Amino acid sequence: MSADFALTDTFAAQLFGSLSVPTVMSTTTEALTLAYGAQPAKSYFEGCSNGGREALMAVQRSPNLFDGVIARAPAYNWVGFMGAFNRNARALAAPGGTFTAAKIALLSKHVRDTCDGLDGIVDGVVSNQAACTPALVNVAALRCVGGTDSGDSCLSDAQLDVVTSWTTEATFTGSATFRNAGWNLTGNEDNPGAWRAWITGDGNLAGAQQFLFQDTTVKNYLVRDRSTNSLTYTPWDQNQNALYAMAALNDATNTDIRPFLNSGGKLILWHGGSDSALSVKSTAEYYANLRNSIGAAATEASTRFYVAPGVNHCSGGPGADSSDLLAALDQWVTRSAAPSTLLAEKRDAEGTVVFARPLCQYPEYPRYTGPINDAAGPKSAASYICTS
Ligand SMILES: [Ca+2]
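Residues numbered from 1 in each chain as written. Predicted model: local features only at pLDDT ≥ 70, side-chain atom pairs only at ≥ 80, totals over all residues. Heavy atoms only, no water.

1. Some points on helix H7 (residues 157–167)
- Every buried residue of H7 is accounted for by Ala-158, Gln-159, Leu-160, Val-162, Val-163, Ser-165 and Trp-166.
- Looking at the packing, one finds that the buried side of H7 touches helix H4 (78–93), helix H5 (101–115), helix H8 (195–200) and helix H9 (209–222). (Buried < 20%, exposed > 50% of the residue type's maximum accessible area, 1.4 Å probe, protein only. Helix = DSSP H or I, 4+ residues; strand = E, 2+ residues; numbered from the N terminus. Contact = heavy atoms within 4.5 Å.)

Now the structure itself:
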């Protein structure tokens, strides 16, 4: 995830920002037309993470390029998200802030003990995230006596500061879009693809994905000096011109997507509920802003937003991470069959379905209504209803 190109190659930075998809699409369409003697009947784009950002870029800046777009866990707000990554990294680097795997397990279990059953079934996934409020979770109950680290059964004040950085919004001067919504406590922070991979680096902060992303952003976009120490780069909004330049290149925060919708485009957003890279709350925020911008009727007519509880960044985690969004999009575009609740499955390495859930439209979540003391009940999507 080096962004070294952004320092030395202006065109590469533009390609990364927003031009790669229309550039490749131009060549692709030409090749297909030559091969088949006609242009493609329909064109769709699907991407996750930075690919999700590219998806929203296409919707916002190349509105006639695709008939339908799927944006999953989109990294749509480079300025705000990287600023939050930087704040998280600095909290972890503060004296006493280090989170061991045992501390992460302590925090996760505390959240699960409090919130797992709020969705009707204790299955290791907090599906009713809205009910799992900070007041209910009460992380302060884990505080070490006196606030000083005294082992794996409690959190020091510096570690509680990390949790605060994680769960609270981050706002920066210069634009209303320069912000990050903060992350939920999901009870799945201890999953291998969650905090250790993205936040703590499992004892090596410089190896954590969030650290690496913010570090290369500070070095190549903001300070434009690779010898800079990103952990001392604060405040994040000290160089307004650099933030504006980066936002112009990389941020897909525009909510007026009427040009895309007016050309018949359909948009499906998707986010994993336990994503430790990019917060599902940020995508929810974009969707709320979208609704405010284009109105409830247009939002309902041409966009959908699904949340998959217990799913990590793009895939993985204890939740059901596999859904055929492309088929749903194609039915919508070609047959005007607008999607409602979809199916989410968890498959093993051989592709066998282990369990299924309904994939609900946010803010709904799958609530267990199936049989009690029946091993097969929780595995069936029919045992759940989407509710909020
Ligand atoms: Ca549950």
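2. Focus on the pattern of salt bridges
- Applying the stated rule across the entire model yields 13 salt bridges.
- Between Asp-113 and Lys-109 there is a salt bridge, with its nearest N and O atoms 2.7 Å apart. Separated by four residues within a single helix, Asp-113 and Lys-109 lie in helix H5, roughly one turn from each other.
- Between Arg-258 and Asp-256 there is a salt bridge; the shortest N-O distance is 2.8 Å. (Salt bridge = Lys/Arg side-chain N within 4 Å of Asp/Glu carboxyl O.)

3. Some points on the layout of surface pockets
- Here the largest pocket defines a volume of roughly 390 Å³.
- What lines the largest pocket is a set of 22 residues, among which Gln-129, Ala-130, Asn-184, Tyr-362 and Pro-363 lie closest to the centre.
- Here the lining of the largest pocket gets three residues from one element, more than from any other, and that element is helix H12 (residues 280–294).
- Looking at side-chain class alone, the lining of the largest pocket contains 10 nonpolar, 10 polar and two charged residues.
- Shared between two domains, the lining of the largest pocket holds at least three residues of each, these being domain 2 (42–76 + 252–387) and domain 3 (78–241).
- For the second largest pocket, the calculated volume is near 280 Å³.
- Listing elements by their share of the lining of the second largest pocket, those giving two or more residues are helix H6 (134–137) and H7.
- Looking at the lining of the second largest pocket element by element, the count peaks at four residues for H7.
- Counted by class, the lining of the second largest pocket contains nine nonpolar, six polar and one charged residues. (1 Å grid on protein atoms, 1.4 Å probe; cavity = no way out; pocket = protein on both sides within 12 Å on 5 of 7 lines; lining within 4 Å. Points joined across faces, edges and corners; volume = space filled by probe spheres on them. Nonpolar A, V, L, I, M, F, W, Y, C, P; charged D, E, K, R; others polar. Domains from an automatic or database assignment.)

4. Concerning helix H14 (residues 325–335)
- Here H14 has its buried residues at Leu-325, Ala-328, Leu-329, Trp-332 and Val-333. Viewed along the axis of H14, the buried residues span an arc of 125°, placing them on a single side of the element.
- Positive backbone phi, approximately 55°, marks Ser-336, located one or two places after H14. (Arc of directions from axis to C-beta.)

5. So, the domain arrangement of the protein
- Splitting the protein by domain gives domain 1 (1–39), domain 2 (42–76 + 252–387) and domain 3 (78–241).
- A C-alpha centroid distance of 34 Å is found between domain 1 and domain 3.
- Opposite the nine residues of domain 1 that make contact, domain 3 presents nine residues.
- Both sides of the domain 1 and domain 3 interface together cover about 880 Å² of buried area, and 62% of this is carbon and sulfur.
- Taken together, the links from domain 1 to domain 3 amount to one salt bridge.
- Two residues, Asp-4 and Arg-226, come together in a salt bridge whose shortest N-O distance is 3.5 Å.
- Viewed at the interface, domain 3 and domain 1 are joined by four residue pairs in polar contact (both at pLDDT 80 or more).
- Top element by residues in the side of domain 1 that touches domain 3 is helix H1 (residues 5–8). It accounts for four residues. (Buried area = accessible area lost by both parts, 1.4 Å probe. Polar contact = N/O pair within 3.5 Å; in protein donor to acceptor, adjacent residues only side chain to side chain.)

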